[in-house]
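# Coordinate analysis (summary)
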Amino acid sequence: MRQAYGYITLVTIVAAMLSLGGCIVNDIPYPNRQPSFKAFEVEGQVGVSEFDNVKRTVSLTVDGEHDITDVRVIYYEISDSTEMVPEMPESLNLSRPYRCTLRTWQDYEWTIDAKWDVNYIINVENQVGNASIDTVNRVAIVTVAKSQPLTSVRIDKMELGPANAVITPDPYERKYDLLGDGTVFEVSMFGRTEQWRVSAQHANFTISGKTLVAWTKTATATADVPVGSNQEMGYEYRRDVDEGWSKTDIGNVSLEGGTMTAVMTDLEPGTKYVCRPFLGDERGQEQTFTTDDVVDIPNMSFEEWFNKRKNNHDCWFPYAEGGAPYWATGNDGIAMVSDGATYPVTDKVKEGRYAAYMETKKVTIGVPLAAGNLFTGDFITNVSDPGSSPKFGRPFTGRPAKLSGWYIYQPGIIDVYHQNKFPEDSQHVGETDKCHVYIYLENWRGATARPKEADRDIVAYGEFKTDASTTDYQQFVINLEYRTTTIKPTHIVLVATSSVYGERYCGATGSKLWIDALSFDYDTAPIVKK
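Residues numbered from 1 in each chain as written. Predicted model: local features only at pLDDT ≥ 70, side-chain atom pairs only at ≥ 80, totals over all residues. Heavy atoms only, no water.

### Let's talk about the packing of aromatic side chains
Applicable threshold: Classification of ring pairs uses Phe, Tyr and Trp, with its six-membered ring standing for Trp, and accepts pairs whose centres are within 6.5 Å; under 30 degrees between planes counts as stacked, over 60 as edge-to-face, and the remaining range as tilted. The helix and strand labels rest on DSSP assignments: H or I over at least four residues marks a helix, E over at least two residues marks a strand, and numbering proceeds from the N terminus. We call a residue buried when its accessible area falls under 20% of the maximum for its residue type, exposed when it is over 50%, and partly exposed in between, using a 1.4 Å probe and counting protein chains only.
Within this structure, the stated rule accounts for 23 aromatic pairs. Arranged with centres 5.4 Å apart and planes meeting at 65°, the rings of Phe 37 and Trp 110 form a pair that is edge-to-face. One end of the pair, Phe 37, is in strand β1 (residues 37-42); the other, Trp 110, is in strand β8 (residues 107-117), with 73 residues separating them in the sequence. Trp 110 carries the same exposure label as Phe 37, and that label is buried. For the ring pair Trp 116 and Phe 190, a centre distance of 6.5 Å and an interplane angle of 40° mean the geometry is tilted. Of this pair, Trp 116 sits in strand β8 while Phe 190 sits in the loop between β14 (183-189) and β15 (192-202), and the two are 74 residues apart along the sequence.

As structure tokens, then:
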């Protein structure tokens, strides 16, 4: 912007502060001036491609009716002023990652990675657990009970590719010698033939524990068991200081192929336990684990506020005066030109004395609109770099299964968008606005400020959005989906806003959101992304 505008600093700071008015539309930061794929489609594709501009990857799935080694490219699009080296061929072998270079003033390597939507399954008599199948080297190893002769094994199911693949010799015509190097099967499809080597080995146990994930009041464990077993199975568990065992409820035990999954419930937080799998009268080896602690965050019912008048405008902060801030808003920027868009109310409350109220407002300086918002973090004005003012995230080490709360929402019809910066948002004008509540649990790898996506781990994510209008409080429940069970969170980013496109200065003037009585659920087992 030209320096001729005397109010440039004020406008810039306000614009940066108002940008907090909505959710993060895409949490993956796109590198400035780096080339990228904007679209990619192949014949036989299932769903849409996913683009990671940090790792520079294109991920997609190809159905089993098309040959993964010869996939025709239908359409692709790359960023402006970008050259692909070499040029995209008419068809690709996506049985392995395809690497190409996008060139601007320098080269950036991209990888196109495809998953083939076919089955790789082998089930044999007296099998324990699922077969270990190596699709790269085309080797499969099945584990069977000690009573099963390895030189004479009946194959009950074999799928090593698409449904139209022909396997020779016929896996079902006789029993096979799977001792040592086993037997070679030829799998023919799409005019080509692959050789697979299938062998078998004896299990050390009829039942053997595999994975174990301890949460706060639950633990999820898996074990290898004989395929098709109809014996009682599950896990036994006890505190390490106790002697008597408890059993998993039958409703918390499931069987898929040769893998049994059991959920241990009603555990005590921060406590050491011993567990072991069982099948009939047989018991597997014991394992130990310690449950997580229950962790909450301050002011989840929004009872603490203080008002610091600014430029003759109300500027509310969601914590007690003189207290340690955990929550923040964009009010400090809005209060330069009007009352803040987020503040406490007493007339519509679910619990206690106060609820948080957020309203989307039309503004007249810097940007056209500001949505009410609350977020865990801080806002520190940086005059020389206003975009760095918002600091998302606060320390948090809990692993809850759910976030629940109560809300009232009264949306308007979207009537404002940033015509200069985001002209494409004109498509939303006339739509009913939406509120948005979302939560990230992240591991910042030792950093104290939120790093870029490539330098932090997203442990779990969940969100709630609605355009439905309500007059009374309704409950919302966000099921957190965990992307990893081995990395624990160090920080939480929790955001609520009255307009879902608010960070792009797009929304409905007068959309209103009340939020109260947030709480975490640690009683149930979380969802883990497969």
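There is more to say, and it comes next.
### Some remarks on the confidence of the model for the protein
Our working definition: The predictor attaches a confidence to each residue, called pLDDT, with possible values from 0 through 100. By definition, residues are in contact when any of their heavy atoms lie within 4.5 Å.
Per-chain confidence: the protein averages 90 in pLDDT, with 92% of residues scoring 70 or above. Note that residues 1-32 has pLDDT below 50 and, in this model, 76 contacts with residues that lie over four places away or in other chains.

### Some thoughts on empty space enclosed by the protein
Over the atoms, a rolling probe the size of a water molecule traces out where space has been left empty. Applicable threshold: Grid points spaced at 1 Å over the protein atoms alone were grouped into cavities, where a 1.4 Å probe fits but cannot get out, and pockets, open sets with protein on both sides within 12 Å along at least five of seven lines, with lining residues defined by an atom within 4 Å of a point. Grid points are joined across faces, edges and corners, and a volume is the space filled by probe spheres set on the points.
Summed over all chains, the structure comprises one cavity of 30 Å³ or more. Those elements giving two or more residues to the lining of the largest cavity turn out to be β40 (491-497) and β41 (512-521). It is β40 that provides the largest number of residues to the lining of the largest cavity, a total of three residues.

### Some remarks on the sheet that holds β14
Selection criterion: Pairing between strands is defined by DSSP: at least two bridges between the two strands are required. To obtain an axis, a line is fitted to C-alpha atoms, over the contacting stretch when the element is a helix, and the angle between two such axes runs from 0 to 180 degrees between their N-to-C directions.
One open sheet holds the five strands; their spatial order is β10-β11-β15-β14-β13, and the pairing between them is mixed. Bordering the open sheet on either side are β10 (132-134) and β13 (166-168), each of which pairs with just one other strand. Pairwise comparison of adjacent strand axes, ignoring direction, gives a mean angle of 20° for this sheet. Sheet topology places β14 next to β15; seven bridges connect them, and they run antiparallel. Bridged to Ser 188 within β15 is Thr 193.

### Side note on the sheet that holds strand β21 (residues 259-264)
In space, the four strands of this open sheet follow the order β16-β17-β21-β20, with antiparallel pairing throughout. The strands lining the two open edges of the sheet, one partner per strand, are β16 (208-214) and β20 (253-256). This sheet shows a mean twist of 20° between the axes of neighbouring strands, independent of strand direction. Inspection of the sheet shows β20 paired to β21 by four bridges, in the antiparallel sense. The residue bridging Leu 255 from the neighbouring strand is Met 260, located in β21.

### Considering the side chain of Asp 425
Which entries qualify depends on this criterion: Polar contacts, as used here, are pairs of N or O atoms within 3.5 Å; protein pairs need one atom able to donate a hydrogen and one able to accept it. Residues neighboring in sequence count only if both atoms are side-chain atoms.
Its place among the elements puts Asp 425 in the loop between β35 (402-410) and β36 (435-443). The buried category is assigned to Asp 425, whose relative accessible area is 3%. Within the structure, Asp 425 has its side chain in polar contact with the side chain of Arg 504 (distance 2.9 Å). Look past the residues within four positions of Asp 425 in its chain and what remains in contact with it is Tyr 417, Arg 504 and Cys 506.

### Brief notes about the pattern of salt bridges
Let me state the cut-off plainly: In what follows, salt bridge is the name for a side-chain nitrogen of Lys or Arg lying within 4 Å of a carboxyl oxygen of Asp or Glu.
Taken as a whole, this structure holds 29 salt bridges when the rule is applied. Lys 247 is the partner of Glu 232 in a salt bridge, and the nearest nitrogen-oxygen pair spans 3.7 Å. With Glu 232 in the loop between β17 (219-224) and β18 (233-239) and Lys 247 in strand β19 (residues 246-247), this residue pair connects regions lying 15 residues apart in the sequence. By relative accessible area, Glu 232 is classed as partly exposed at 48%. We classify Lys 247 as partly exposed; its relative accessible area is 38%. In this structure, the salt-bridge partner of Asp 457 is Arg 445, at a minimum N-O distance of 2.9 Å. Taken together, the residues Asp 457 in strand β37 (residues 457-466) and Arg 445 in the loop between β36 and β37 connect sequence positions twelve residues apart.

### Focus on the pairing of β21
In terms of burial, β21 is a largely internal element, five of the six residues being buried. Pairing analysis gives six bridges linking β17 to β21, with the strands arranged antiparallel. Within β21, the position partnered with Ala 221 by the bridge is Ala 262. The hairpin formed by β20 and β21 contains two residues between the paired strands, and Gly 257 there has a positive phi angle of roughly 60°.

### Let's talk about the environment of Met 300
Residue placement: Met 300 occurs in the loop between β24 (287-290) and β25 (306-307). By relative accessible area, which is 9% here, Met 300 ends up buried. Placed 107 residues apart in sequence, Met 300 and Thr 193 show a C-alpha to C-alpha distance of 61 Å. Those residues in contact with Met 300 that sit more than four places away from it in its chain are Leu 403, Ala 517, Leu 518, Ser 519 and Phe 520.

### Some points on the pairing of β37
Consecutive side chains along a regular strand alternate between the two faces of the sheet. Extensive coverage of β37 is indicated by the burial of eight of its ten residues. Relative to β37, β36 is paired through nine bridges, and the arrangement is antiparallel. Within the sheet, the bridge partner assigned to Leu 441 lies in β37 and is Ala 460. The sheet contact formed by β37 and strand β39 (residues 481-482) spans two bridges and is antiparallel. Bridged to Tyr 461 within β39 is Glu 481.

### Here's the deal with the environment of Glu 351
Topologically, Glu 351 is positioned in the loop between β28 (342-345) and β29 (355-359). In this structure, the C-alpha to C-alpha distance between Glu 351 and Phe 396, residues 45 residues apart in sequence, is 24 Å. In contact with Glu 351, other than residues within four places in its own chain, are Ser 301, Glu 303, Asp 516 and Ala 517. A polar atom in the side chain of Glu 351 sits 2.7 Å from the side chain of Ser 301.

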